[in-house]
Amino acid sequence: MGRRDELLRFWQHIITAYCADQTTLPPFLGLSRNEFSDLITQLHKIGFSLNGHPCSSQILDQYTAKQHLFGDLIQLREDEIAQLSQLLTESINKDSFYANLAVRVMSCACMGSSHLWSDLGLPERPVLSEMIRYYFPALHGKNVHNMRWKRFFYKQLCESGGDYVCRAPSCEECSSYSECYTVTD
Ligand code: SF4
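First, a word on scope: everything that follows refers to the structure included in this document.

Each value, and the rule that gives it
- Residues numbered from 1 in each chain as written.
- Predicted model: local features only at pLDDT ≥ 70, side-chain atom pairs only at ≥ 80, totals over all residues.
- Heavy atoms only, no water.
- Near = heavy atom within 4 Å.
- Helix = DSSP H or I, 4+ residues; strand = E, 2+ residues; numbered from the N terminus.
- Nonpolar A, V, L, I, M, F, W, Y, C, P; charged D, E, K, R; others polar.
- Core = buried A, V, L, I, M, F, W, Y, C linked by side-chain atoms within 4.5 Å.
- Buried < 20%, exposed > 50% of the residue type's maximum accessible area, 1.4 Å probe, protein only.
- Contact = heavy atoms within 4.5 Å.
- Salt bridge = Lys/Arg side-chain N within 4 Å of Asp/Glu carboxyl O.
- Bend = angle between axes of the 7 residues up to and from the residue.

A few points about the site of the ligand
Part 1 of the reasoning: Surrounding the ligand, one finds M147, R151, K155, V165, C166, C171, C174, Y177 and C180.
Part 2 of the reasoning: Elements represented by at least two residues in the shell around the ligand include exactly α9 (149–159) and α10 (177–181).
Part 3 of the reasoning: Per-class residue counts for the shell around the ligand are seven nonpolar, no polar and two charged.

This is the structure in structure tokens:
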């Protein structure tokens, strides 16, 4: 997949949803202002128009102001975001253009309370699965029981010594089983 395909397949959805305030992502998707602006520039280059979108340049300044507020909230969970980022980075696809951005944005989206695809602003779960398969292929391959992605990430952290979701010794004995494995969307 080339840069253009990555932008079209994943990032245009995320940016569009973000600009419509339909994600739970922090300002600039959790990226630096420069990273965010570069993403917008690259989308423009392939013909994706943000004309009329609130992501046009003057609004970026307002997001900068808001960033201080969200920055405080994100900072409270920065350790958790760092652990998720490390998990994703361990299986990163080094041949992709935007995997590093995906690490940060996906880790921040895990702070939302809905399904990960929804918190990210993707249209449906299969697009998220494709995004994970492309950017983090080894991690994708480990989800052999088709767990919900956010739960799957946290289960990985639990297995490596974290204490996030797994209170029971095994999934079969756990009262959260349906939350982790019942994939209906
Ligand atoms: S079912 Fe329970 S033990 Fe299994 S991953 Fe979910 S929370 Fe953890």
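What follows continues from the structure just given.
Details of the nonpolar core
Part 1 of the reasoning: In terms of nonpolar packing, the biggest core is built from 54 residues, with W11, L29, M106, Y135, F136 and F153 touching the most fellow members.
Part 2 of the reasoning: Among the elements that line this core, the one with the most residues is helix α5 (residues 99–109), at eight residues.
Part 3 of the reasoning: Contacts of L29, omitting those with residues within four sequence positions, involve W11, I14, I15, Y18, F36, L39, V105 and C108.

A look at the environment of L84
Part 1 of the reasoning: Looking at the element boundaries, L84 is found in helix α4 (residues 78–89).
Part 2 of the reasoning: When near neighbours in sequence (up to four residues on either side) are disregarded, L84 contacts S107, C110, M111, F153, Y154 and L157.

Quick notes on α9
Part 1 of the reasoning: Burial analysis of α9 places nine of its 11 residues in the buried class, which makes it a mostly covered element.
Part 2 of the reasoning: Of all the positions in α9, only W149, K150, F152, F153, Y154, K155, Q156, L157 and C158 are classed as buried.
Part 3 of the reasoning: Looking at the buried positions of α9, the neighbouring elements they touch are α4, α5, α6 (116–120), α7 (125–135), α8 (137–142) and α10.
Part 4 of the reasoning: Count one or two residues on from α9 and you reach G161, which has phi positive near 110°.

Focus on the pattern of salt bridges
As a working rule, side chains carrying opposite charge can pair if their charged atoms are close by.
Part 1 of the reasoning: A full pass over the atoms with the stated rule returns six salt bridges.
Part 2 of the reasoning: The salt bridge partner of E130 is R9, with a shortest N-O separation of 2.6 Å. A residue pair is termed long-range when its members are at least 10 positions apart, and E130 in helix α7 and R9 in helix α1 (residues 3–19) qualify at 121 residues.
Part 3 of the reasoning: When its relative accessible area of 33% is taken as the criterion, R9 is described as partly exposed.

Digging into α1
Part 1 of the reasoning: At W11, α1 shows its maximal bend, which comes to roughly 45°.
Part 2 of the reasoning: Buried residues of α1: E6, L7, F10, W11, I14, I15, A17, Y18 and C19, and no others.

Quick look at the environment of I92
Part 1 of the reasoning: One can find I92 in the loop between α4 and α5.
Part 2 of the reasoning: Given the relative accessible area of 19%, I92 is considered buried.
Part 3 of the reasoning: Note: C-alpha distance between I92 and R133 (41 residues apart in sequence) is 9.9 Å.
Part 4 of the reasoning: With residues near it in sequence (within four places) discarded, I92 still touches A99, N100, V103, Y135 and F136.

Honestly, that's just the spatial picture; any functional story needs more than this.
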